[in-house]
Amino acid sequence: MKIYLSILLLLSFATAIGQTDIDVLLKQYNTRSVPYISVQELKMGAENYLILDTRKKEEYEVSHIPNAIWVSEKVNDSIYSFAKADKSKPIVVYCSVGIRSEDFGEKLKKLGYTDVQNLYGSIFAWKDEGYDVVNAQGKVTDSVHVYSKVWGKYLKTGKKVY
């Protein structure tokens, strides 16, 4: 029983540390200029959002959130022709942890998009919560492109791809 409790405490601590790491990182780099949405909120209502992946193409091809649209790291008006009709449509942006996506979200807001949210912890938090990611062929995968070894330490589950 003591061993079971010790293991349970260790796992709880490890999960808390992982969340704290992302918390610290986001507080350091983000200004909250784009409001956050939690992975749980997005999962419960994903069909209500236009989900935009703001990472590099090779990151997206390794894995992405189901039904996410790859838009790159740069805001380019021509990419958004699908959304121009309704700039109030709810949009969620994400990247690896939520830093690049905040920058992207800020640019969308300057273009007149009024309902833009940044996925807190982005694809790393999504995967760490146990939600599926899919590859370029739309198949569920355990792999996640972690951008670099430095950023890879923030992903706690899945297979890290560099």
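Values in this document were obtained by computation on a predicted structure and should not be read as measured data. (Residues numbered from 1 in each chain as written. Predicted model: local features only at pLDDT ≥ 70, side-chain atom pairs only at ≥ 80, totals over all residues. Heavy atoms only, no water.)

Q: Looking at this model, I keep getting lost on the nonpolar core. Mind explaining?
A: Here is a general trend for soluble globular proteins: nonpolar side chains tend to be buried in one another's company. One finds Leu42, Ile65, Tyr94, Leu119, Ile123, Phe124 and Trp126 to be the most contacted residues of the largest nonpolar core, which totals 25 residues. Every element with two or more residues in this core is listed here: helix H1 (2-29), strand E1 (36-37), helix H2 (39-45), strand E4 (91-94) and helix H5 (122-128). The greatest single-element share of this core, amounting to four residues, is contributed by H5. For leucine 42, the residues in contact, after removing those within four places along its chain, are Ile37, Tyr49, Ile51, Val92, Leu119 and Trp126. Val34, Val71, Phe104 and Leu108 belong to the second largest nonpolar core, which has 10 residues in total. (Core = buried A, V, L, I, M, F, W, Y, C linked by side-chain atoms within 4.5 Å. Buried < 20%, exposed > 50% of the residue type's maximum accessible area, 1.4 Å probe, protein only. Helix = DSSP H or I, 4+ residues; strand = E, 2+ residues; numbered from the N terminus. Contact = heavy atoms within 4.5 Å.)

Q: What's the story with the environment of glycine 112 in this structure? I'm lost.
A: Assignment of secondary structure puts glycine 112 in the loop between helix H4 (99-110) and strand E5 (116-119). You can call glycine 112 partly exposed: its relative accessible area is 32%. Each C-alpha atom of the pair glycine 112 and lysine 87 lies 6.5 Å from the other, and the pair is 25 residues apart in sequence.

Q: What is the right way to look at the sheet that holds strand E3 (residues 69-70) in this model?
A: Strand pairing within a sheet occurs via backbone hydrogen bonds; the two strands may be parallel or antiparallel. Read from one edge to the other, the open sheet built from five strands follows the order E1-E5-E4-E2-E3, with strand pairing classed as parallel. This sheet does not close on itself; its edge strands, each paired only once, are E1 and E3. Strand direction decides the pairing type here: strand E2 (residues 50-53) and E4, joined by four bridges, are parallel. For isoleucine 51, the partnering residue across the bridge sits in E4 and is valine 92. (Pairing = 2+ DSSP bridges.)

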